[in-house]
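Structural characterization, general
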Amino acid sequence: MRRIAPRIAPFVLVAALACGILNAQTISIAPKGYIAVGPGGTQQFTAVITGDSTIGATVTWSAEGKIGGSSAWGTIGSTGLYATPVKLPSDQVRITATLSGNSQISASTYIDVLPAGPTVTSVSPNPIPVGTDTLTITGSGFQKGGVLLIGGVQSGVTFVSSTTVTTSIYQGNATSTTISAKNPGSVSGNTITVPVAGKSSGGGGGGSGGSSGQAPVISPATATVSLGATQQFTAAGATAWSAVSGTVTANGLYSAPATIPSSGTDTVTAKNSSGQSTATVTLVSNVAPTISAIGTSPLPLGVFSTTVAGSGFTAASVAQLNGVPLTTAFSNTSSITVSGFAGPASSGNLTVANGSVVSQPFAVQIGVQNAQVSPSAARRFLEQAAFGPTPVDAAHVQTIGFSAWLAEQFAMPVISNYNAITSSQEGLPATFLANAVTNADQLRQRVAFALSQIFVTSITTVIWNGDVIPYQELLIGDAFTNYRKILGDVTLNPAMGEYLNMANNAKANPAAGTSANENYAREVMQLFSMGDVLLNQDGSVQTNANGPIPSYLETNVTELARVLTGWTYAPPAGGSVNWGAYITENGPMVNYDPEHDFGSKTLLNGYVAPANLGTVADLNAALDNIASHPNVAPFISKQLIQHLVKSNPTPAYVTRVAQAFTQSAADMPTVITAILLDPEARANDAGGNDLPTDGHLQEPALFVPGFVRAFSGTMTSANYYSSNLAALGEDIYNPASVFNYFSPGYTVSGTGGLKGPEFQIDNPNNAILRENLIAEFFNQYSNPVQSYGPGTLVDLTPFLPLAATPATLVSALDLTLTHGTMPAAMKQTIVTAVTADASYGSLHQVQTACYLILTSSYYNVWH
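Since we're looking at a predicted model, the values are computed, not measured. (Residues numbered from 1 in each chain as written. Predicted model: local features only at pLDDT ≥ 70, side-chain atom pairs only at ≥ 80, totals over all residues. Heavy atoms only, no water.)

What to know about the sheet that holds strand 12 (residues 128-129)
Pairing is mixed across the open sheet formed by five strands, whose spatial order is 12-19-18-14-15. Only two strands of the sheet have a single partner each, and these edge strands are strand 12 and strand 15 (153-156). Here four bridges tie strand 14 (residues 147-150) to strand 18 (residues 176-182), and the two strands are oriented antiparallel to one another. The residue of strand 18 that forms the bridge with L149 is S180. (Pairing = 2+ DSSP bridges. Helix = DSSP H or I, 4+ residues; strand = E, 2+ residues; numbered from the N terminus.)

Structure, rendered in structure tokens:
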């Protein structure tokens, strides 16, 4: 993780010199920079005090996270020895040294506590020969994107499986070397020591002469040989030669066998009395392989991985789709696994080559056959109904159509939750993102997140995960019920009771000069139901000679506040209700009749709640009164449209959804279906007809999971994006006020009055942070597996072969990221940039294209 040191402004430095404060005591900590330690590990820190009066000065040490110190962040003793906690912390740990006796003087650095890397058990060849060689490392826990540390030097690897990786190295003359491995976002696992075969002092070609006192070094270390063909090997000082499958003479002339063994390779060994070395021979058939079937038919449009059955395959076989090489993994002579990118054609030819010998073409279908909707329409739909498309989800939508997908989602049980969070305050944003990327209940999550921005609460006031989580899971669970149920459940949830002061809201006490708290009464009408002005059913404002007509008066707030008296937090099971109780997690709030105002109240539209109505009945009648107000349908419908589809729906669009809202008694599946299947929502599925009023800016909580899902990436709750979202103005579930992170009515300057709610937090600084987020992620130029901290991976391998034809690469990324509708001029600009980038290699070209698309306005505004 890269960190940028803060710069001291010149005027600050001048002022410091003038005041003489640069001679005051200061503290520096070592080591600084990127430091990582594994579970159960320790790290020694030291502090140096400089400046006046350093004699006898000491420091105190602390280890803490964003929310302060606790055992969850580990411990650090008086000597500066830091010990990791039992459980991996959710973020970086801040180590601080504070001057004893003056807490104003301190210094800090950061340390990452990361999971342990893979376990390394063996290496082949062993001993490692001096010179250039390919090593095969076996063990457990290897992941794509990992690296090896050989003799302390980092080496990129080729991932074979979770138990095997390979790497190419140059080994200098030494007695032995060490090998350990790291995964993305981990520290090294165990370290093994491996002997090194010393340099031979003998002459050239491989005779059978006596030992030089050092083990022979075989050359070449790897070779590809056709069946029945020969290959000359040399090894100075070798006294004996052998091969597993083929034969080898005393002079090192190897003859390949007549058939390929199941491994696809042979091993040649040269020995003398001091040791041995080996060479790996990849055996290639001298007849063309055949293809009989593929494991996935048709191939999905976009990134794919499948098996190919046939005969004559070898470890050196390379498959191609329409002439573009695929990543090919050898299983046995009759099976290989291939992966790559398919499309945009609807069919193609698959071939497998063993060197210059190529199979007959095998016809394959690409993409969903007899699709209900187009590839672009499916992907655009999932930008509105989910946290962005994945290739698999898009294919599923194509197969069954929009309506069937919605029905499937409405019938799906709740999957997303926060059960894994054990911290009292950390972890919500990271788990939110992991759910958004991974879990199948995409529509439920997306609607629940929209509801959380209408029925707002905030960690700023509620504070504890134990109180925040039940509220957010309430919205997840209620997302497919109806508006009235949501309103009722929200009203009595302890988090809302704490946030807007409905809990322990006592009736008026004239003797004490107190009255009922009006906070929730005001916000439930202004923000959670109908707004503060009367609306037409198309969402437009009703006016008279005095301007907009208020939807409620101050007396309505006062009267509703009286209804909301007499509620407190639920006691434990079997316990008695305690007025004034502190917030609990025991369920919805409960009534406490002695503090309820039993007088009659005049509410909206002339409704009068009769005197002596029970506390529960009084509340239900008032919520029914609010929910039946004609403003609710257009007010809630328009905000849901803005969150899911577009910031500037036409009045006709709002009217249609409001009618569905009213006619269905505010049934959420009916309303959501009306929003997503409305002609205006589906009008530009094929692209090419973009209007200034289309779409909406991806808020940060959509932007991050959206690009990870587009590449079929992975994200766990160990991801590092919590602080990024906060810096971008969307600290998940922690908006600054009840008015959400941004206002639904925010107007973008210079657009002639267009609404752009999410642009309210997209200031110049945040726009740069968004660009830096992408630059930070796509910056691993030695490995196609891109990562940012633990838990977030995107594999660009399938796109690498496409870089040979930049237009093909950009078309593939257009389908992946912009649902295949990128404007022609933009596409040509990116093709030109990718072409100019060719000298830096295919991975750099892919990263350049990804960066340019993901930072473009066309991608950032989901159309």
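Concerning the nonpolar core
Ranked by size, the top nonpolar core spans 164 residues in total, and within it F455, L560 and F707 carry the most contacts. Residues within four places of L560 in sequence aside, it is in contact with A521, V524, M525, L603, A622 and I626. Counting 20 residues, the second largest nonpolar core, distinct from the first, contains I49, V59, A63 and Y82. (Core = buried A, V, L, I, M, F, W, Y, C linked by side-chain atoms within 4.5 Å. Buried < 20%, exposed > 50% of the residue type's maximum accessible area, 1.4 Å probe, protein only. Contact = heavy atoms within 4.5 Å.)

Focus: the pairing of strand 45 (residues 792-795)
The pairing of strand 43 (residues 714-715) with strand 45 spans two bridges and is antiparallel. Across the sheet, residue T714 finds its bridge partner in strand 45, namely L793. Note: strand 44 (residues 785-787) against strand 45, three bridges, orientation antiparallel. Bridge pairing links Q786 to V794 in strand 45.

Considerations on the packing of helix 6 (residues 442-452) against helix 14 (residues 632-644)
The description of two packed helices rests on the angle between their axes and on the distance between the axes. Interhelical geometry of helix 6 versus helix 14 gives an angle of 125° and a closest axis separation of 10 Å. Between helix 6 and helix 14, the angle falls in the class oblique. Crossing handedness for the pair helix 6 and helix 14: right-handed. Across the interface between the two elements, R446, A450 and L451 of helix 6 pack against L640, H643 and L644 of helix 14. When its residues are assigned to classes, the contact of helix 6 with helix 14 shows four nonpolar, one polar and one charged. (Axes fitted to C-alpha atoms, helices over the stretch in contact; angles between N-to-C directions. Parallel < 35°, antiparallel > 145°, perpendicular 65-115°, else oblique. Left-handed = near helix turned anticlockwise from the far one by under 90°. Nonpolar A, V, L, I, M, F, W, Y, C, P; charged D, E, K, R; others polar.)

Describing the pattern of salt bridges
Applying the stated criterion to the full structure yields 17 salt bridges. Ionic pairing is found between R94 and E64, a salt bridge with its closest N-O pair at 2.4 Å. Within this pair, whereas R94 is found in strand 9 (residues 93-99), its partner E64 is found in strand 5 (residues 59-65), the two being separated by 30 residues in sequence. By relative accessible area, which is 24% here, R94 ends up partly exposed. Linking D685 and R380 is a salt bridge whose minimum nitrogen-to-oxygen distance equals 2.6 Å. One end of the pair, D685, is in the loop between helix 17 (679-682) and strand 42 (696-697); the other, R380, is in helix 2 (residues 375-385), with 305 residues separating them in the sequence. Of the residues examined, D685 reaches a relative accessible area of 9% and is grouped as buried. The buried category is assigned to R380, whose relative accessible area is 3%. Among the ionic contacts, a cluster of salt bridges with common partners joins K646, R656, D678, E680 and D694. (Salt bridge = Lys/Arg side-chain N within 4 Å of Asp/Glu carboxyl O.)

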